[in-house]
Each structure stands twice: as C-alpha cells, then as structure tokens.
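Here is what each chain is made of, one letter per residue.
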Amino acid sequence: MGTERKRKVSLFDVVDETSVSAKLVKTNGVGPGAMMNNNNSLINRWNGKPYSQRYYEILEKRKSLPVWQQKEEFLQVLKANQVIILVGETGSGKTTQIPQFVLEGVDIETPDRRRKMMIACTQPRRVAAMSVSRRVAEEMDVTIGEEVGYSIRFEDCSSARTVLKYLTDGMLLREAMTDPLLERYKVIVLDEAHERTLATDVLFGLLKEVLKNRPDLKLVVMSATLEAEKFQGYFYGAPLMKVPGRLHPVEIFYTQDPERDYLEAAIRTVVQIHMCEPSGDILVFLTGEEEIEDACRKITKEITNMGDQVGPVKVVPLYSTLPPAMQQKIFEPAPPPSKEGGPPGRKIVVSTNIAETSLTIDGIVYVIDPGFAKQKVYNPRVRVESLLVSPISKASAHQRSGRAGRTQPGKCFRLYTEKSFNNDLQPQTYPEILRSNLANTVLTLKKLGIDDLVHFDFMDPPAPETLMRALEVLNYLGALDDDGNLTEMGEKMSEFPLDPQMSKMLVESPKYNCSNEILSISAMLSGCHQQLSCLGSMPLVGMHHRILIPNCFVRPREAQKAADEAKARFGHIDGDHLTLLNVYHAYKQNNEDPSWCYDNFVNHRALKSADNVRQQLVRIMARFNLKLCSNDFNSRDYYVNIRKAMLAGYFMQVAHLERTGQYLTVKDNQVVHLHPSNCLDHKPEWVIYNEYVLTSRNFIRTVTDVRGEWLIDIAPHYYDLSNFPQCEAKRVLERLYRKREKERENNRK
Ligand code: CDP
Ligand code: MG
C-alpha cells in the first residue's frame, strides 16, 4: 500500500456495511427440456440435436444461481395463479432463468399443433434484450433467432420457430396494436418492472384488461426492488415470491467534500483503485456515450503511461448504441498479469445505468458511483422534454453499490458526501410516465382502442395537464378529431414507430412529391440517434423537443480540422436536415463504402443503421399505398418542397428570429439559441428544429430555414392568430395574412 493509497482512503469515510450470506444450491439431474434418444444420449427437445459439451458446462453454473433453489415452488405458484410477482436481487438469475423455467412448466402447444405459442420477456433496454437473448440461446443450446429470439425497434431477430422472445416493452406494446389480446403468447414476463418505464406502465394497464379476457394467459412481473408490494396491490394481491439475495458485504465510501468535476473524480478513483487495491474488476457509472468514450480514452491513457508499475487493463464501454460485438466484450475476463508474479490485470467497465440492474457483470468488486444519470424531464407548460443529467435516487445508489458484492466482498466509492446522500437524493426515481411527453403514448392507447384515458388504470396517473397537452398536439397534427377520436390520419401515423411529428411528415410527404427524400431524412434522424429509454426504445426522434446527438459525423480529437472541413462539404446552407440528406445521398452514391465513410469522417455504423431504418419505413409506406416519389433534382423547387413537407409535420417546432437577434420559440416564447453545430450560413427569420436541448443555455439543434408564408399556408389551424400570445412573431404573421388576403383579392379581379 503506497502513499497514494493512504491519501485516497482519507478522502472517504467508511460508513455502511451490508451482509447477506451466500448460499449455494446443490444440484443434480439435467436441465430443462431434455429427452433421451435411441442411443441413450440426451437430445435437445427444441431442435432435436444432442446437447453440446458447452451446454453442460453452462448448466452447472446456472444451477448455482439463487432462482434455481425455488424452481419447483415457482412452477407450482405459476400453475395455481394467473399473475405472480417475483422479486430478487440483481444477478439472481431472474431474466435468464425464469423464462426457461416457464418453458419447462407450461404447455405451449396449440390445439392444431402447427405453431407453438410463445413466452415473451420484456426489457426496458434494447441492449439488455439483445444481450440476454443471446445468452439464453446459448444456455438452451439453440441458435439465436431460431427457438430463442429478440425483437427491438427496427430489428426483429425471431422466426416461426421462436418459443421464447425477449423484446423491449415498447415492442410488446406495438404488437398489441395488431394483436390486442396478445394471442400468440402463453405467458408474458414483464421484467425490470421497478424501472417503471413509460411502456411498462402502459403495459401494466393494458395487461390487466387482457388478462380478464384471456383466462389462459399468465403474467409474471419481475422486479429487483421491494417496491414490488405496489405491484401486488395493483394486481389484486397476486402472490409475491422473494428470491433471497446473494450479496457479499459492500463497504461504502463517501467523499468528504463535494466533487467539482465528477468525470475527473471518477477517472482519478479508477486509477487509484488500480494502483492500490487487490485484484477485482471495476464498474464506473457515467451518463452517456460521449462521456463514457471520453473516460475510456483517458483511463487507458493514464494507466498506459504508468508502465509496468501496474497491471494491464481492459477498459470496456457500455451504452445503448454500442454495436452487439462490442457489447459482448463486457463479459470477457480481465487480462492476465503482463509477467508472472506481476500486478494483476483488471477489467474496467464504464457504463450508463444499464449496468445498474439490466445487465449483471460477474467479477465486479469495485463500483464508482458519481451519483448522476441522464433522466427524462418534461415540462408540459412549455412542451419541452429533455434528457438531463440529474442526481440519481437513493434506491439507484443502493442498486449500484450492490453490483460490487456479487462474487466476493466489495467496495463502492460514492463521489458525493454522505450528507448529500441523506439530504439531497430522493428515495425513489419517479416513474417515467410522470416525466414524459405523452403524445406518442396517447396515440398508441387510442390505436389500442382505449378512448377514456382519464379512467385508464394507470399505476401512477400522469398529470392531467400532460394528457391535455398530448391530446392537443395530436389534434393539431390531425391524428385525433375534435372529439378525441382517432382519425384516418391518426391510424396511419400510429403505424410508424416514430414520434407523431415525424410520422405526420412522412404521411404528408407524397403531397409534396418528395417522400423519398423525407424517408431519407427521417431515417437519418432516427437511425443515427438511437437512444436510451423512451417507450423502451420504440418512438424516437424529435418527440417534442428531445435531446439527441446526431452522431453520423465523426470528429476525432487528432483530426478536428479535417473533420470539420469534411462536414462542411456536405453542408447545405438551408439547414441541417438537408445536410443529413446530402450525407445519405453521398453514402449511397459511393456504394455504402466503409472506407469512403472513413475518409469523409462519417460514421459508417450510423449510416448503415439509417439505411436499415429507411427500408423498414418504406415497407410501412407501402402498406398504406403512400407513393414513393421525388421531384426533379434540377428543379428549383426540389429543396423547397422538402422543407415544406418537413413543416407539415414539425409546424409546432418553429422558432422566430426577433429584432433583438434572439430566437423565440413560436407560441411558447422561450428564448433559444441555434446550436453551434448548425451549418446555416445565415440566421433565417423562421426555423424548424428537431430537438430542444436544455443546458445552461437553451439550444435548438438540427434546424432548417422555413418561410413565414408556408406557416400560414400549411398549418393555418395552428397559426390561427385569434389564440396567439402577443409577440413579434404574431405581428409578422398578421402582415403575412394581410398580404395573402390581398393576393387573393387581386386574383379574383
Ligand atoms: O435478471 P437477474 O439480474 O436476476 O440475473 P440474470 O440477468 O438472469 O443473470 C444471471 C447470471 O447470468 C449472471 O451471473 C450473469 O452474469 C449471467 N449472464 C451472462 O453471463 N451473460 C449474459 N449475457 C447475461 C447474463
Ligand atoms: Mg434481470
């Protein structure tokens, strides 16, 4: 232990110690679903093949998971009840094992024996759905996408043979739109219920109804925390099963003084642990992709600079947009010491709160918790929904520290003071439904046939003002009529897994003869900015003022100038949406070539994802006979029509340039600034914007120049000046209306 170590320890006070003794399960027998064949070797009932060696290896490990101790009890309770609540510490095997138990204990044959019924297991996060289903396919010794599959927005990896499907909660909700009684499922497992995502909350209410109409359907609600009693109350006192945790003691350390820069403090703590603490992997919680990548670079650099003094490290990022191959890296073991007897190697995982409860990484002994996460906030009054870096709750802090005690006693370093933990952190995180714009949710509910939103059985009802706002937005978009009924337009819009504004823009685009281009722009906006948890990953972009980072442009630290020049070559003076369109066109013209992307500082993965999204949107357009068309590229109106079509969807996201030189959002009159990333060469009088970014200053990002005349032509019902706040924009619009009036008179003459 060096001097560094002493200094470090004095920074923290030891405070809390929790201990639950470890219990191991004695196991024998074979796994679920095994049968003998003629040669007396076991064959897999799912694919008729003999089990591999690997299957038996994993099976041994699985049997030591806490849930296995209660397997029989679970199956009995499931048999006797329609709904069960199951609570268990993270890592006890709920997500991976319970659906397999269900498969073993429940008959999924259909009367005609043609296709089997399925078990669904929902996940709030797409990464978890992908990663867990892969693991379970391996455990069941089948190929992913065959008997075990997953389904996330824009990616369905399942087949007619699938019997167990992991899917985001948002996807299950979408499935309910075409299959209201969810008839293809025999059992639905709502996992991570404690997260209380918007989609899970809606599913609660929906499933409660479905269960009444489908006595044969069963529901398992799984949760990591004890808030589960609330679920019990909601589901008429359904039985609650507790899986005893298996947590080793975790020592909690707090900082003595508040940290000014949590990122810097986190990196410093990682380095100190690596230098001074015995072997064991480290898990660091940060808030988002950019920050995580930055931290990974800095940690690697600092530790590399220390040379042989310290052991080798493997630094791995984990966030929602990470490609699958990279996601697997978090499960790889720590590197061995560089030389025999040398200091131990370590794995350092730097993650968003995905690693809080959704994914369990074995071998973590040290947790660093700066106390922040990106969380959705919504202000219905000014219709701003944003992802903000904000303090986590006590419940979250507790979950995070628990990650350190999975396999042996561990330590958790909280980068805030104990006083701050006690006084500043809320006990629980508010359910997402209380922090969200509900336009999309309301559209989904309407499509599901739920008309009476006020009496819908929400576990926590949203604020009436938020519901009103949502209804109002959908009415302006023409998705609901004045009585709140779904219109034909609304029917179409609800089929797109996008925000209502974007769906509207797509549905309207053929009228402007530019649906091809609008498809490309929509795909670029959605495909390039997949993000955390909004309806569990279903709706996405531009949902009224949301933060999203367009990461189709790459800007490496060592080549910023070249990257900026490359971006400028794609730049369209009328706006960022058109710039995105240019990038997409150039990508296609260059045959989707990865090396072209590399040379032009464009993120190939983002473009590929956009292209995939585009193909799926094309299919939805085809279903409604929405024609695919383009104006002549050389026509003067080529870009004008595209901008008009965008306005047809986004007319409620417009800002006006005041004489003061400031932009004000129209109607809400919020002062906003053009985000510095914009590529305009001028300050247009009117702009539409895709995102409203809340920081110390309010930015609007991804903006395009539009004309005042178009506002009153395309959305006169919204630009009805009789209900408009007094402002400069109103006076300008008044003049435009008068001008239009005169033109009309002249035409009549
Ligand atoms: O859902 P819960 O947190 O209760 O546990 P789980 O996700 O089912 O994890 C059970 C075990 O499976 C843990 O030891 C994980 O490390 C392991 N697992 C894995 O090795 N690879 C995955 N992709 C997912 C889980
Ligand atoms: Mg789980």
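Residues numbered from 1 in each chain as written. Chains lettered and ligands numbered in written order. Predicted model: local features only at pLDDT ≥ 70, side-chain atom pairs only at ≥ 80, totals over all residues. Heavy atoms only, no water.

**Regarding the site of ligand 1**
Stated precisely, the cut-off is as follows: Residues are labelled near a given molecule or strand when at least one of their non-hydrogen atoms is within 4 Å of it. Counting of polar contacts relies on pairs of N or O atoms within 3.5 Å, with two restrictions inside protein: one atom must be capable of donating a hydrogen and the other of accepting it, and residues adjacent in sequence are counted only when both atoms are side-chain atoms. The Shrake-Rupley method, run with a 1.4 Å probe, gives the accessible areas here. Residue values count only the displayed protein chains as cover.
By nearness alone, 15 residues border ligand 1, and G91, K94, T95, T96 and R406 come closest of all. Separating an oxygen atom of ligand 1 from a backbone N or O atom of S92 is a distance of 3.1 Å. For ligand 1, an oxygen atom lies 2.6 Å from a polar atom in the side chain of T96. Contact with the protein chains removes 93% of the 540 Å² of surface that ligand 1 exposes when unbound.

**Some details on the pairing of strand 17 (residues 372-379)**
Stated precisely, the cut-off is as follows: By the convention used here, strands pair only if DSSP detects at least 2 bridges between them. Numbering goes from the N terminus for both helices and strands, where a helix is a DSSP run of H or I of at least four residues and a strand is a run of E of at least two.
Looking at chain direction, strand 17 and strand 18 (residues 384-391) are connected through eight bridges and run antiparallel. Of the residues in strand 18, the one forming a bridge with K376 is L387. In textbook terms, the turn of a hairpin is the stretch between consecutive antiparallel strands, and for strand 17 and strand 18 this stretch comprises four residues, one of which, R383, has a positive phi near 55°.

**Overview of the state of the cysteines**
For clarity, the threshold we go by: Criterion for a disulfide: a pair of cysteine sulfur atoms within 2.5 Å.
A full pass over the atoms with the stated rule returns zero disulfides. Not part of a disulfide, C412 finds its nearest cysteine sulfur in C276, a span of 18 Å. Cysteine C629 shares no disulfide, and the gap to the nearest cysteine sulfur, in C514, comes to 7.0 Å.

**Points about the packing of aromatic side chains**
What counts here: Aromatic rings from Phe, Tyr and Trp, with only the six-membered ring used for Trp, were paired whenever their centres fell within 6.5 Å, and each pair was classed as stacked if the ring planes differed by under 30 degrees, edge-to-face if by over 60, and tilted otherwise. Think of it as a cone above the ring: NZ of Lys or CZ of Arg counts as a charge over the ring if it is within 6 Å of the ring centre and within 35 degrees of the ring normal.
Per the counting criterion, the structure on display carries 22 aromatic pairs. An aromatic cluster of at least three residues, connected via ring pairs, comprises Y476, F651, Y718, Y719 and F724. If you follow K208 out to its NZ or CZ, it ends over the ring of Y236, 4.7 Å from the centre. Positioned over the ring face of F421 is K394, at 5.8 Å from the centre of the ring.

**A closer look at the nonpolar core**
Nonpolar side chains tend to gather and get buried jointly when the protein is soluble and globular. What counts here: We call a set of buried Ala, Val, Leu, Ile, Met, Phe, Trp, Tyr and Cys residues a nonpolar core when their side-chain atoms join them within 4.5 Å. Any residue under 20% of the maximum accessible area for its type is buried, any over 50% is exposed, and the rest in between are partly exposed; the area is computed with a 1.4 Å probe on protein chains only. In this description, contact between two residues means that some pair of their heavy atoms is separated by no more than 4.5 Å.
Counting residues in hydrophobic clusters, the biggest one holds 118 residues, and the most contacted among them are I188 and Y719. Sort the elements by how many residues they give to this core and helix 7 (residues 198-213) lands first, with nine residues. Among all residues touching I188, those that are not within four sequence positions of it are A120, L172, L182, L207, L217, K218, L219 and V220. Listed in part, the 96 residues of the second largest apolar core include L75, A128, A355 and A397.

**Quick look at the pattern of salt bridges**
Selection criterion: Here, a salt bridge means any side-chain nitrogen of Lys or Arg that lies within 4 Å of a carboxyl oxygen of Asp or Glu.
One pass over the full model with this rule turns up 48 salt bridges. Residues E332 and K314 are paired through a salt bridge, measuring 3.2 Å at the closest nitrogen-oxygen approach. Residue E332 is found in the loop between helix 11 (324-328) and strand 15 (346-351), and its partner K314 is found in strand 14 (residues 313-318); the two are separated by 18 residues along the sequence. Its relative accessible area of 32% is what places E332 among the partly exposed residues. Residue K314 is classed as partly exposed on the basis of its relative accessible area, which comes to 23%.

**Some details on the packing of helix 6 (residues 169-178) against helix 7**
Stated formally: Think of each axis as a best-fit line through the C-alpha atoms, taken over the contacting stretch in the case of a helix, with angles from 0 to 180 degrees between the N-to-C directions. An angle counts as roughly parallel when it lies under 35 degrees, as roughly antiparallel when it exceeds 145, as roughly perpendicular when it falls between 65 and 115, and as oblique in every other case. Definitions for this section: a left-handed crossing has its near helix turned counterclockwise from the far helix by less than a right angle. A right-handed crossing has that turn clockwise. Side-chain classes are defined by residue name, with Ala, Val, Leu, Ile, Met, Phe, Trp, Tyr, Cys and Pro counting as nonpolar, Asp, Glu, Lys and Arg as charged, and the others, Gly among them, as polar.
Interaxial distance between helix 6 and helix 7 falls to 8 Å at its minimum, and their mutual angle equals 40°. When the axes of helix 6 and helix 7 are compared, the pair comes out oblique. Crossing of helix 6 over helix 7 shows left-handed handedness. On helix 7, the residues touching D169, G170, L172, L173 and A176 of helix 6 are A199, T200, V202, L203 and L206. Its residues assigned to classes, the contact of helix 6 with helix 7 shows seven nonpolar, two polar and one charged.

**Brief notes about the packing of helix 21 (residues 576-589) against helix 23 (residues 604-623)**
For the pair helix 21 and helix 23, the least separation of the axes is 11 Å and the interaxial angle reads 95°. Taken together, the axes of helix 21 and helix 23 lie roughly perpendicular to each other. In contact with V583, Y584, Y587 and K588 of helix 21, helix 23 contributes H604, L607, K608, D611 and R614. Each residue belonging to the contact of helix 21 with helix 23 can be placed in one class, and the counts come to four nonpolar, one polar and four charged.

**A closer look at the sheet that holds strand 5 (residues 118-123)**
With mixed pairing, eight strands are arranged side by side in an open sheet as 7-6-8-5-9-10-4-11. For this open sheet the edge positions go to strand 7 (155-157) and strand 11 (240-243), each flanked by a neighbour on one side alone. Across this sheet, the average inter-strand angle for adjacent strands is 20°, counted without regard to direction. Across four bridges, the pairing between strand 9 (residues 185-190) and strand 10 (residues 218-223) is parallel. Residue V187 lies in a different strand from strand 10, and its bridge partner there is K218. Contacts from helix 5 (residues 126-139) reach strand 5, strand 6 (148-152), strand 7 and strand 8 (164-168) within the one sheet, and its direction differs from that of strand 6 by about 175°. Of the strands in this sheet, strand 5, strand 6, strand 8 and strand 9 touch helix 6, which is tilted by about 105° from strand 8.

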